[in-house]
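# Structural features, examined
Listed below are the residues making up each chain.
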Amino acid sequence: MEEKERKDKFLTDSDIEIKRVYSKLEVKEEQPGEFPFTRGVQSTMYRSKLWTMRQYAGFSTAEESNKRYHYLLNNGTTGLSVAFDLPTQIGYDSSHDFADGEVGKAGVAIDSLRDIEILFDGIKLENITTSMTINSTASILLSMYIALAKKQGADLKKISGTIQNDILKEYAARGTYIYPPKPSMRIITDIFEYCSKEVPKWNTISISGYHIREAGSTAVQELAFTLANGKAYLKAAIDKGLDINVFAKRLSFFFNAHNNMFEEVAKFRAARRMWAKITKDLGATDPKAQMLRFHTQTGGSTLTAQQPHNNIPRVTIQAMSAVLGGTQSLHTNGYDEAIALPTEEAARIALRTQQIIGFESGIVETVDPLAGSYFVEALTNEVEAAAWDYINKIDAMGGSVAAIEQGYMQNEIAASAYKYQNDIQTGEKVIVGVNKFTSEEAPLKDIFTVDDSIRQLQIDKINKVKSERDNEKVASLLKKLDENARAEVNLMPIILESAENYATLGEIADTMRNVFGEFTG
C-alpha cells in the first residue's frame, strides 16, 4: 500500500509544483563558458579559481570599519564589500538634521574624501577588489575611491571592483533614491561612459535582485524584475550612443540566496541563459558582453532572531546554492544579523563557512555539478519560463521604468510578501524555531551596537576638512557642477574634481538636488 504523502502538493517558494519523480528530459548539450552560459561563464569555473569571498562590512566611523577590514583580510577575505550608513546612501552629511540617529548605524559614515582615506588606510586599492553597496550617491563614492587610488599612485586601468548603482530597484523595492528616474538614469549612463575609458576594469553597475527579494518577492520575481531592470539600463546606454560590446562587459548582477536550494540553483542557471538572450537580441556579439556575472549574498530576511544559531545552517545551505549555481563572489551573513550588526565572531564563522565549502566540500571540483539532474534541468526551464512571462508583461507596459511608475513591480512584490507571511502564520510554511520546534532560550550575550556619540565625531571631521580645504575652489567647482548638470555634459569629471578637493558628499548631492529635484514616489 502506498504511503500517504505529507502534503497534497509540494511547491517551491515561487509556487512551482514539484513532482514526486523527474524522468529523463531533453537537455541541450551545452558547455560551460559557451553561449548561452547556462552551465557557467568560465569553462573551468572553480577548478581554476574560487569565487571572491567577500564579507559585507561597514559601521560607525571609517576608523572602526578600517579595523574590521584588516581583521577580515587577515582571516582570508579575498575582496572587500562596503556597507554605508543611511545618510551616506541618500546624500546627507552627518551634520544634516536628517542624519540624526542614523550616523554609522546601517553602515559606515562617509562625508568626504578624508573618510575614504581613513577607511582604506593600509590597503592598496590596486591589490584588492572592492564592492560598494551604494546607489543614488554611487557617482560620488566612486569618485572618492578613484581620488584615493590616484593619491596612492595606482594605475587606474588596473583598479577593479563594483558599485551597485542600481536605482531602478530603489524605486521598486528599497527607497534610498534621491533624484527622479530620468536624471538618475543619466548619471548612471555617465558612469558607464566615463569608466569604460578611465577605469575599464570597474564594474559600473551591479543590477540587484537582492533587495527585491528582501522586500518579499519570490525567486522568479527576483529574477524577472532584475533582468527587466538590466534590460532598461542596456537600452538607456544604447540610446546614449554607447557600444553594448564595450559597456555590457562591465555590468554585473547581485542576487539573493534563500533556503530552497534547488530553486535557487535553477534561478542562477536560468539567469545566465536569459541574459545571454537579452544582450544578443540587443546587438551584443562579444561573448563577454553576453555573460551574466553575479555576486550573491545569503538571505538577510531568512535570518531569525529566535534561536539565532539556527542561522548558521541556513547560511550554509544558501551559500552552497550560490556555489552550485556558479556565483563569481559571495557574502555570507552572520548568525546574529537578525538582532544587530555582526560581531567579529559571527563574521569569522560566516567567512569560515565559505572557506569550508571551497576547500573541504568537494562541490567545486567539477563545473556545474548538478547539470543533467532531471529535477534541476526541469526546474531551470520552469523558472525561466515563469520569469519570461513577467518580463513580457513589463515590456508590454513600456519597460521597467514604466512598470515601476505604474506600481506594477511594487504591487507584485507586496502580494508575494503578504502570502509568505500568511503561510508562516498558518503553519503552511515552517520556519524552524519560529512557528515549529520553538524553545525558550537566553538572549545572545554579545551584541554589537553603534553609539550615537559618533555623529559628533563625524561633524568635527567635517568642520576640520572645511577649515583646511580651499573653500573658494570648492565653491567654484560646485558652481561648475550645477552648470554641467543643467547641460548635457558627462558629470563624472567634475564630481571627481570636487571630491578630490574635499567637497563633502552632501554638498555634491545637494548641488544636483537643486538642479534635478527629488523623487517623492
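In the block above lies the structure referred to throughout.
Residues numbered from 1 in each chain as written. Predicted model: local features only at pLDDT ≥ 70, side-chain atom pairs only at ≥ 80, totals over all residues. Heavy atoms only, no water.

When helices and strands are counted, the protein shows 20 helices and nine strands. The C-alpha radius of gyration of the protein comes to 23 Å, within 12% of the 24 Å expected for a compact globule of 521 residues. Its C-alpha atoms give the protein principal-axis dimensions of about 85 × 60 × 45 Å. When each of the 521 residues of the protein is scored for burial, the buried share is 57%. Taking all contacts inside the protein whose residues are at least 6 apart in sequence as the whole, residues at least 24 apart take part in 79%. (Helix = DSSP H or I, 4+ residues; strand = E, 2+ residues; numbered from the N terminus. Rg over C-alpha atoms; globule rule 2.2 N^0.38 Å. Buried < 20%, exposed > 50% of the residue type's maximum accessible area, 1.4 Å probe, protein only. Contact = heavy atoms within 4.5 Å.)

We now examine the packing of aromatic side chains. With the rule as written, the count across this model stands at 20 aromatic pairs. Residues Phe120 and Tyr145 carry aromatic rings whose centres are separated by 5.3 Å and whose planes lie at 90° to one another, so their mutual orientation is edge-to-face. Of the two residues, Phe120 sits in the loop between α3 (113–119) and β3 (129–132) while Tyr145 sits in helix α4 (residues 138–151), which places them 25 residues apart along the sequence. Summarising the burial analysis for this pair, Phe120 and Tyr145 share the class buried. Here Tyr171 and Phe519 contribute two aromatic rings whose centre-to-centre distance is 4.8 Å and whose plane-to-plane angle is 65°, an arrangement assigned as edge-to-face. Here Tyr171, found in helix α5 (residues 167–174), pairs with Phe519, found in the segment after α20 (505–516); they are 348 residues apart in sequence, far enough to count as distant. Here the aromatic cluster, defined as three or more aromatic residues joined through ring pairs, consists of Phe253, Phe255, Phe268, Trp275 and Phe294. The residue whose ring lies beneath Lys277 is Trp388, and the NZ or CZ to ring-centre distance is 5.9 Å. (Phe/Tyr/Trp six-rings, centres within 6.5 Å; stacked < 30°, edge-to-face > 60°. Lys NZ or Arg CZ within 6 Å of the ring centre and 35° of its normal.)

For the rest of this paragraph, the subject is the side chain of Gln164. Tracing the sequence through the fold places Gln164 in the loop between β4 (160–163) and α5. Reaching out from Gln164, the side chain makes a polar contact with the side chain of Lys169 at a distance of 2.8 Å. (Polar contact = N/O pair within 3.5 Å; in protein donor to acceptor, adjacent residues only side chain to side chain.)

The element strand β1 (residues 52–57) is largely enclosed, with a buried count of five among its six residues. For β1 and strand β9 (residues 329–331), the ladder comprises three bridges, and the chain directions are parallel. The partner of Met53 across the bridge, within β9, is Leu330. The sheet contact formed by β1 and strand β2 (residues 79–82) spans four bridges and is parallel. If you follow Tyr56 over to β2, its bridge partner there is Ser81. (Pairing = 2+ DSSP bridges.)

To continue, consider a nonpolar patch on the surface. A contiguous nonpolar surface patch, about 270 Å² in accessible area, is contributed by Val430, Val432 and Phe437. Here Phe437 shows up in the loop between α16 (408–426) and α17 (454–468). Judged by relative accessible area, which is 56%, Phe437 ranks as exposed. (Patch = residues over 30% accessible without salt bridge, like charges linked within 9 Å, V, L, I, M, F, W, Y side chains within 5 Å. Areas by Shrake-Rupley, 256 points an atom, 1.4 Å probe, with all protein chains shown as cover. Salt bridge = Lys/Arg side-chain N within 4 Å of Asp/Glu carboxyl O.)

With that settled, consider the environment of Leu11. Among the structural elements, Leu11 can be located in the segment before β1. Those residues in contact with Leu11 that sit more than four places away from it in its chain are Ile16, Glu17, Ile18 and Asn260.

The periodicity of an α-helix, 3.6 residues per turn, causes residues three or four positions apart to be oriented the same way. Helix length check: α17, at 15 residues, gives a terminal C-alpha distance of 21 Å against a target of 21 Å (1.5 Å per residue), a fit within 8%. Within the span of α17, buried status applies to Ile454, Arg455, Gln458, Ile459, Lys461, Ile462 and Val465. Considered in projection along α17, the buried side chains sweep an arc of 160° and stay on one side of the axis. Residues of α17 that are exposed and point over 90 degrees away from its buried face: Ser467 and Glu468. In this structure, the buried side of α17 is in contact with α1 (62–74) and α3. (Expected span 1.5 Å × (residues − 1). Arc of directions from axis to C-beta.)

A word on the packing of helix α18 (residues 471–486) against helix α19 (residues 492–500). Any two packed helices are characterised by how steeply their axes cross, that is the angle between the axes, and by the distance between the axes. Interhelical geometry of α18 versus α19 gives an angle of 165° and a closest axis separation of 10 Å. The angle between the axes of α18 and α19 places the two elements in the roughly antiparallel class. Taken as a pair, α18 and α19 cross one another with a handedness that is left-handed. Where α18 approaches α19, its residues Lys473, Leu477, Leu478, Lys480, Leu481 and Asn484 are matched on the opposing element by Ile494, Ile495, Glu497 and Ser498. For the contact of α18 with α19, the per-class residue count stands at five nonpolar, two polar and three charged. (Axes fitted to C-alpha atoms, helices over the stretch in contact; angles between N-to-C directions. Parallel < 35°, antiparallel > 145°, perpendicular 65-115°, else oblique. Left-handed = near helix turned anticlockwise from the far one by under 90°. Nonpolar A, V, L, I, M, F, W, Y, C, P; charged D, E, K, R; others polar.)

What follows covers the pattern of salt bridges. In the structure shown here, the tally under the stated rule is 34 salt bridges. For Arg486, the salt bridge identified is with Asp482, shortest N-O distance 2.7 Å. With Arg486 and Asp482 both in helix α18 and four residues apart, the pair spans about one turn of that helix. Taking the relative accessible area as the measure of exposure, Arg486 reaches 55% and is therefore exposed. What you see here is one network of salt bridges that share partners, running through Arg39, Arg269, Asp368 and Glu377.

Taken in spatial order, the nine strands line up as β5-β4-β3-β2-β1-β9-β8-β7-β6 in an open sheet, and their pairing is parallel. A single partner strand is all that each edge strand has here, and the edge strands are β5 (202–203) and β6 (205–208).

So, about the environment of Ile339. Along the chain, Ile339 falls in the loop between β9 and α13 (344–360). When the C-alpha atoms of Ile339 and Tyr194 are compared, they prove to be 40 Å apart, with 145 residues separating the residues in sequence. Excluding residues within four positions of it along the chain, Ile339 makes contact with Ala305, Pro308, Leu444 and Ile447.

Here we come to the side chain of Thr176. Here Thr176 is to be found in the loop between α5 and α6 (181–198). By relative accessible area, Thr176 is classed as buried at 8%. Here Glu170 takes part through its side chain, which lies 2.5 Å from a polar atom of the side chain of Thr176. If we skip the residues at most four places from it in the chain, Thr176 touches Leu86, Gln89, Ile90, Ser136, Ile167 and Glu170.

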